[in-house]
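The lines below spell out each chain.
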Amino acid sequence: EPGPQWRVSTLPRTSLLVAAILLEWPEGVELCIRHGADVNALYDGPLPGRGGCESGGPNPPPQRPILRVALSARSCHQSLICRHVLDGGVSLKVFQRVKKKFQEEMEVDTKDLFNRWLGPFQQTSERQR
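To keep things clear, this report deals only with the structure shown in the data block. Computed from a predicted structure; not experimentally measured. (Residues numbered from 1 in each chain as written. Predicted model: local features only at pLDDT ≥ 70, side-chain atom pairs only at ≥ 80, totals over all residues. Heavy atoms only, no water.)

A word on the pattern of salt bridges. Per the stated rule, a full pass over the model turns up five salt bridges. In this structure, the salt-bridge partner of Glu105 is Arg68, at a minimum N-O distance of 3.2 Å. Placement of Glu105 in the loop between α5 (92–101) and α6 (108–116) and of Arg68 in helix α3 (residues 66–70) is noted, with a sequence separation of 37 residues between them. Accessibility expressed as a relative area gives 16% for Glu105, which makes it buried. (Salt bridge = Lys/Arg side-chain N within 4 Å of Asp/Glu carboxyl O. Helix = DSSP H or I, 4+ residues; strand = E, 2+ residues; numbered from the N terminus. Buried < 20%, exposed > 50% of the residue type's maximum accessible area, 1.4 Å probe, protein only.)

Given below as structure tokens:
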């Protein structure tokens, strides 16, 4: 049961990258990023959660960074998808915030990936271009 947030008349626009993440399709995520998908974009739709769909309650869902969306994947897919997103060059600030706030949602291999990740990170000047 996906939940009522999926039954509204207008669902949020979803990028191909987010769709591949939500489908837990690591190969699709890798292809999207290889062909220029923005790993620093935001997603404001519902996320699958451990206890069903997470939408943020009655208010509109918050905008979440792609790296946060990647943590909605489960099992070995989570680590692979996060690795592809990280390889795309997320901003350091987003990486640090997701690493700190969402430890409880990380699988063991994903925690290890985050703890060992040294970059690349997006440069601030690149984002302003």
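Now that the structure has been shown, the text picks up again.
Let us look at the nonpolar core. Ile21, Leu67 and Val85 are the most contacted members of the largest nonpolar core, which totals 30 residues. Counting residues per element, the ones that place at least two in this core are α1 (16–22), α2 (26–34), α3, α4 (75–87), α5 and α6. Setting aside anything within four residues of it in sequence, one finds Ile21 in contact with Val29, Ile66, Val69, Ala70, Ser72, Ile81 and Val85. (Core = buried A, V, L, I, M, F, W, Y, C linked by side-chain atoms within 4.5 Å. Contact = heavy atoms within 4.5 Å.)

Before going further, it helps to spend a moment on α2. Note on helix geometry: an α-helix contains 3.6 residues per turn, so any two residues three or four positions apart are oriented the same way. Here α2 has its buried residues at Pro26, Gly28, Val29, Cys32 and Ile33. For α2, the angular spread of buried residues about the axis comes to 160°, placing them on one side. The inward-facing, buried residues of α2 abut α1 and α4. (Arc of directions from axis to C-beta.)

This part is about the packing of aromatic side chains. Across all of its chains, the model carries two aromatic pairs by this definition. Ring plane angle 10° and centroid distance 5.2 Å describe the contact between Phe95 and Phe114, whose orientation is recorded as stacked. Remark: Phe114 occurs in helix α6 and Phe95 occurs in helix α5; sequence separation between them is 19 residues. Phe114 gets classed as buried once you look at its relative accessible area, which sits at 0%. Ring plane angle 55° and centroid distance 5.2 Å describe the contact between Phe95 and Phe121, whose orientation is recorded as tilted. In this pair, Phe95 is assigned in helix α5 and Phe121 in the loop between α6 and α7 (124–128), connecting sequence segments 26 residues apart. (Phe/Tyr/Trp six-rings, centres within 6.5 Å; stacked < 30°, edge-to-face > 60°.)

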